[in-house]
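A look at the structure
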Amino acid sequence: MRDYKLVVLGAGGVGKSCLTVQFVQGVYLDTYDPTIEDSYRKTIEIDNKVFDLEILDTAGIAQFTAMRELYIKSGMGFLLVYSVTDRQSLEELMELREQVLRIKDSDRVPMVLIGNKADLTNERVISVEEGIEVSSKWGRVPFYETSALLRSNVDEVFVDLVRQIIRNEMESVAIKDARNQSQQFNKNQSPSSKLPNSGKQDTKQSNSIQLPKGLYNKSSHGLSKVKQSKQADENRKPSHSAPKSSNADKVGTAATSQQQKKKKKGSCSIL
Ligand SMILES: Nc1nc2c(ncn2[C@@H]2O[C@H](COP(=O)(O)OP(=O)(O)O)[C@@H](O)[C@H]2O)c(=O)[nH]1
Ligand SMILES: [Mg+2]
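Cut-offs applied
- Residues numbered from 1 in each chain as written.
- Chains lettered and ligands numbered in written order.
- Predicted model: local features only at pLDDT ≥ 70, side-chain atom pairs only at ≥ 80, totals over all residues.
- Heavy atoms only, no water.
- Axes fitted to C-alpha atoms, helices over the stretch in contact; angles between N-to-C directions.
- Helix = DSSP H or I, 4+ residues; strand = E, 2+ residues; numbered from the N terminus.
- Left-handed = near helix turned anticlockwise from the far one by under 90°.
- Contact = heavy atoms within 4.5 Å.
- Nonpolar A, V, L, I, M, F, W, Y, C, P; charged D, E, K, R; others polar.
- Core = buried A, V, L, I, M, F, W, Y, C linked by side-chain atoms within 4.5 Å.
- Buried < 20%, exposed > 50% of the residue type's maximum accessible area, 1.4 Å probe, protein only.
- Salt bridge = Lys/Arg side-chain N within 4 Å of Asp/Glu carboxyl O.
- Expected span 1.5 Å × (residues − 1).
- Polar contact = N/O pair within 3.5 Å; in protein donor to acceptor, adjacent residues only side chain to side chain.

Topic: the packing of helix H2 (residues 65–74) against helix H3 (residues 87–104)
Here H2 crosses H3 at 65 degrees, and the two axes come no closer than 9 Å. Between H2 and H3 the crossing geometry is right-handed. In contact with Arg68, Glu69, Ile72, Lys73 and Ser74 of H2, H3 contributes Leu96, Gln99, Val100, Ile103 and Lys104. Its residues placed into classes, the contact of H2 with H3 shows four nonpolar, two polar and four charged.

Written as structure tokens, this is what we have:
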């Protein structure tokens, strides 16, 4: 089976590694080398289908610019992380998103906007509303506040991203099918299709096929009831049993409530 390549991007110290390790291994690493750039593998099940994920936890944005270009090219989905305690980290995300869109040469790149460290209520400098506003400006990119420390919304952000990739792939297949059908139809219908310049006509027709509007931006937040497998539970440190940050939970709801209403029920589990 093919790997789904996810890339975690954001300024240094926002919690990229903590989020990644919390998702993959179910533990919270308080001291993690900020220079470490590593990739992790994880298998998840969504709606009874199994997906192999390869997650690249990147190190800072000032380093390895050429490498960044490479992994953005090969990445299929992006987690853009800022810290709610660090305004600069949100500003740096703007630049990173631009880079992703430019390198992918598309404005339909699967991505999730994440405000991490939602548990640090007293140190918060970026409000939930501000996060929602950025997500709207970005074309209603799904937005979540997370806490790697409390393991709040951690699975949800990864599952949302995988769902976006799956949806994108399905749309691409549908477009290809429609294009093939349209070409086939033209061949059958038009006697001129046998003329030497018929290829040109076909191309024009296929270019006019439109994507279903709004499909891409739907968040799958409402679907992400994540069930942990036994293995993941065993791996988890028992010391972090603090209640989930209520703020963080509210955010997903606030940001995506309209989208949620349109959602079908689904299921997923982290293997
Ligand atoms: N309170 C709190 N601290 C966090 C959280 N996530 C990360 N941290 C802290 O922020 C530091 C930097 O996290 P790290 O994952 O290494 O950041 P990275 O440079 O983006 O990979 C960690 O050592 C943690 O102490 C979180 O959700 N809540
Ligand atoms: Mg790191």
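Side note on the nonpolar core
By size, the foremost hydrophobic cluster in this structure holds 33 residues, and its most contacted members are Leu6 and Leu53. For this core, the secondary-structure elements that each account for two or more residues are strand S1 (3–10), helix H1 (16–25), strand S2 (38–46), strand S3 (49–57), strand S4 (77–83), strand S5 (111–116) and helix H5 (154–189). Top element by residues in this core is H5. It accounts for eight residues. In this structure Leu53 touches Tyr4, Leu6, Phe23, Tyr40, Arg41, Lys42, Ile44 and Val162, once residues within four positions along its chain are discounted.

Things to note about the pattern of salt bridges
As enumerated under the stated definition, the model contains eight salt bridges in all. Here Arg108 makes a salt bridge to Glu171, at a shortest N to O gap of 2.3 Å. Taken together, the positions of Arg108 in the loop between H3 and S5 and Glu171 in helix H5 put the pair 63 residues apart, joining distant regions of the chain. By relative accessible area, Glu171 is classed as buried at 4%. Arg124 serves as the salt-bridge partner of Glu145, at 2.6 Å between the closest nitrogen and oxygen. Taken together, the residues span a long stretch of sequence, with Glu145 in strand S6 (residues 143–145) and Arg124 in the loop between S5 and helix H4 (128–137) at a distance of 21 residues. Grouping residues by exposure puts Glu145 and Arg124 together as buried. Salt bridges here are not isolated pairs; linked through shared partners, they connect Asp3, Arg41 and Glu54.

Observations concerning H3
Between its first and last C-alpha atoms H3 spans 26 Å; for 18 residues at 1.5 Å apiece the expected length is 26 Å, and the two agree. Along H3, the residues that are buried comprise Ser89, Leu90, Leu93, Leu96, Arg97, Gln99, Val100, Leu101 and Ile103. Buried-residue contacts for H3 involve S1, H2, S4, S5 and H4. Its side-chain oxygen placed 3.1 Å from the backbone nitrogen of Gln88, Asp86 serves as the N-cap of H3.

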